[in-house]
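# Structural overview for review
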Amino acid sequence: MNMHLKHLFLFAAGGLLYNVLELAFRGWSHWTMFFLGGVCFVCLGWINEVVSWNMPLWQQAAIGACMITGLEFATGCVVNLWLGWAVWDYRGMPGNLFGQVCPQFFGLWLPVALAGIFLDDWLRYWLFGEEMPHYKFL
């Protein structure tokens, strides 16, 4: 049960932080972004669970940005294309894929993923007594 509560807490923290980021940069958010942010944050936390702490941070951030982009694409296909809720539209951006993802936002997800990895690792250490984070930079 503790593992479920931990992941629920991390999910809620990620969802809330993502909504705060959207409010700060876009001025509004959509309730579905809470769920997308929560799933993204939990997935970022799994990087160090699956791969070694010896993986350089830049590689972890690249994996995280790919995960976020994939989840954003899947969510966009459902909420924007299938349900027609128009939560976002990147059709005007160069290199976009069906208006749901674009290279420019992948570039934005790199530092966001890095921050999420750090935050998840330290929350797990401080709140749940997991291994103290240690990183390889190159």
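Everything in this summary refers to the structure shown in the same document. These numbers come from a predicted model, not from an experiment.

## Points about the overall build of the protein
- Check the secondary structure of the protein and you find four helices and zero strands.
- Its helices and strands taken in sequence order, the protein reads α-α-α-α from the N to the C terminus.
- The C-alpha atoms of the protein give a radius of gyration of 15 Å, which matches the 14 Å a tight globule of 138 residues would have.
- With respect to the principal axes defined by its C-alpha atoms, the protein has extents near 45 × 35 × 25 Å.
- Within the protein, buried positions represent 40% of all 138 residues.
- When contacts within the protein are restricted to residue pairs at least 6 apart in sequence, long-range pairs at least 24 apart make up 58% of them.
- Working note: accessible area of the protein is about 7800 Å², and carbon and sulfur atoms make up 74% of it.
- Each charge class in the protein was averaged separately, 5 positive and 8 negative side chains, and the resulting centres sit 4 Å apart.

## Remarks on a nonpolar patch on the surface
- On the surface, Trp31, Phe35, Val78, Trp82, Leu83 and Trp85 cluster together into a nonpolar patch covering about 690 Å² of accessible area.
- The set of elements that each furnish at least two residues to the nonpolar patch consists of helix 2 (31–50) and helix 3 (57–82).
- If you trace the backbone, Trp31 turns up in helix 2.

## A few points about the nonpolar core
- Ranked by internal contacts, the top residues of the largest apolar core, which has 16 residues, are Met33, Leu44, Ile68, Val87, Trp88 and Trp109.
- When contributions to this core are tallied by element, the ones reaching two or more residues are helix 2, helix 3 and helix 4 (103–128).
- For this core, the element with the highest residue contribution is helix 2, accounting for five residues.
- Look past the residues within four positions of Ile68 in its chain and what remains in contact with it is Cys40, Leu44, Trp109 and Ala113.
- Leu10, Phe11, Phe41 and Leu123 belong to the second largest nonpolar core, which has five residues in total.

## Some thoughts on the packing of helix 1 (residues 2–26) against helix 4
- With their axes 12 Å apart at the nearest point, helix 1 and helix 4 run at an angle of 145° to one another. Crossing of helix 1 against helix 4: the hand is right-handed. Across from Lys6, His7, Phe9, Leu10, Leu17 and Tyr18 in helix 1, the residues of helix 4 making contact are Trp109, Leu119, Asp120, Leu123, Arg124, Leu127 and Phe128.
- In terms of residue class, the contact of helix 1 with helix 4 is built from nine nonpolar, one polar and three charged.

## Examining the side chain of Glu22
- Position of Glu22 among the secondary structure elements: in helix 1.
- Judged by its relative accessible area of 7%, Glu22 falls in the buried class.
- The contacts of Glu22, once residues within four sequence positions are left out, are Gly27, Trp28, Ser29, His30 and Met33.

## Topic: unusual backbone geometry
- Positive phi values are uncommon outside glycine, yet Ala86 reaches one of about 55°.
- Relative to the helices and strands, Ala86 is located in the loop between helix 3 and helix 4.
- For Ala86, a relative accessible area of 59% translates into the label exposed.
- For Phe98, which is not glycine, the phi dihedral falls at a positive 55°.
- Within the secondary structure layout, Phe98 lies in the loop between helix 3 and helix 4.
- Judged by relative accessible area, Phe98 falls into the exposed class, the value being 56%.

What counts, and at which threshold
- Residues numbered from 1 in each chain as written.
- Predicted model: local features only at pLDDT ≥ 70, side-chain atom pairs only at ≥ 80, totals over all residues.
- Heavy atoms only, no water.
- Helix = DSSP H or I, 4+ residues; strand = E, 2+ residues; numbered from the N terminus.
- Rg over C-alpha atoms; globule rule 2.2 N^0.38 Å.
- Buried < 20%, exposed > 50% of the residue type's maximum accessible area, 1.4 Å probe, protein only.
- Contact = heavy atoms within 4.5 Å.
- Areas by Shrake-Rupley, 256 points an atom, 1.4 Å probe, with all protein chains shown as cover.
- Lys, Arg positive; Asp, Glu negative; His and termini not counted.
- Charge placed at Lys NZ, Arg CZ, Asp CG, Glu CD.
- Patch = residues over 30% accessible without salt bridge, like charges linked within 9 Å, V, L, I, M, F, W, Y side chains within 5 Å.
- Salt bridge = Lys/Arg side-chain N within 4 Å of Asp/Glu carboxyl O.
- Core = buried A, V, L, I, M, F, W, Y, C linked by side-chain atoms within 4.5 Å.
- Axes fitted to C-alpha atoms, helices over the stretch in contact; angles between N-to-C directions.
- Left-handed = near helix turned anticlockwise from the far one by under 90°.
- Nonpolar A, V, L, I, M, F, W, Y, C, P; charged D, E, K, R; others polar.

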